[in-house]
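Commentary on secondary and tertiary structure
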Amino acid sequence: MNKQPAVYILASRKNGTLYVGVTSELVKRVWEHKSDLVEGFTKRYGVHQLVWYELHESMDKAIEREKRLKEWKRKWKLKLIENSNPAWKDLYNALF
């Protein structure tokens, strides 16, 4: 999984703080978050678990989806996560 546009949600824990992001290299970007190499929100609040992601054909479509998700109510994001990952497992290792 190299250059592949993706939208992702990180969480601090089950039902914890959420972060929605977009990247062209999901493995690398999540590793950067986990390693606290990304200054800002995820580092400050310990948001390191990859709990949901979605691959896209183009970066334009991924960015469009990210913008829509950021506008969603928290309740909707929780449902999105729980529909595909009810145990809130960290999906990072499954990417390899």
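Let me sum up the structure you'll find in this document.

1. Description of the side chain of Glu-32
Note on placement: Glu-32 falls in helix α1 (residues 26–34). One polar contact links Glu-32 to Arg-29, side chain to side chain, over a distance of 3.1 Å. With sequence-adjacent residues up to four places away left out, Glu-32 is seen in contact with Leu-37 and Val-38.

2. Focus on the packing of aromatic side chains
Summed over all chains, the structure comprises 5 aromatic pairs. Ring plane angle 25° and centroid distance 6.2 Å describe the contact between Tyr-19 and Phe-41, whose orientation is recorded as stacked. In this pair, Tyr-19 sits in strand β2 (residues 18–23) while Phe-41 sits in helix α2 (residues 41–45), placing the two residues 22 residues apart along the sequence. Taking 6.2 Å as the distance between ring centres and 80° as the angle between the ring planes, the aromatic pair formed by Trp-72 and Trp-76 counts as edge-to-face. For Trp-72, a relative accessible area of 26% translates into the label partly exposed. These aromatic residues form a ring-pair network of at least three members: Tyr-8, Tyr-19, Phe-41 and Tyr-45.

Criteria and cut-off values
Residues numbered from 1 in each chain as written. Predicted model: local features only at pLDDT ≥ 70, side-chain atom pairs only at ≥ 80, totals over all residues. Heavy atoms only, no water. Helix = DSSP H or I, 4+ residues; strand = E, 2+ residues; numbered from the N terminus. Polar contact = N/O pair within 3.5 Å; in protein donor to acceptor, adjacent residues only side chain to side chain. Contact = heavy atoms within 4.5 Å. Phe/Tyr/Trp six-rings, centres within 6.5 Å; stacked < 30°, edge-to-face > 60°. Buried < 20%, exposed > 50% of the residue type's maximum accessible area, 1.4 Å probe, protein only.

These figures come from the coordinates and say nothing about function on their own.
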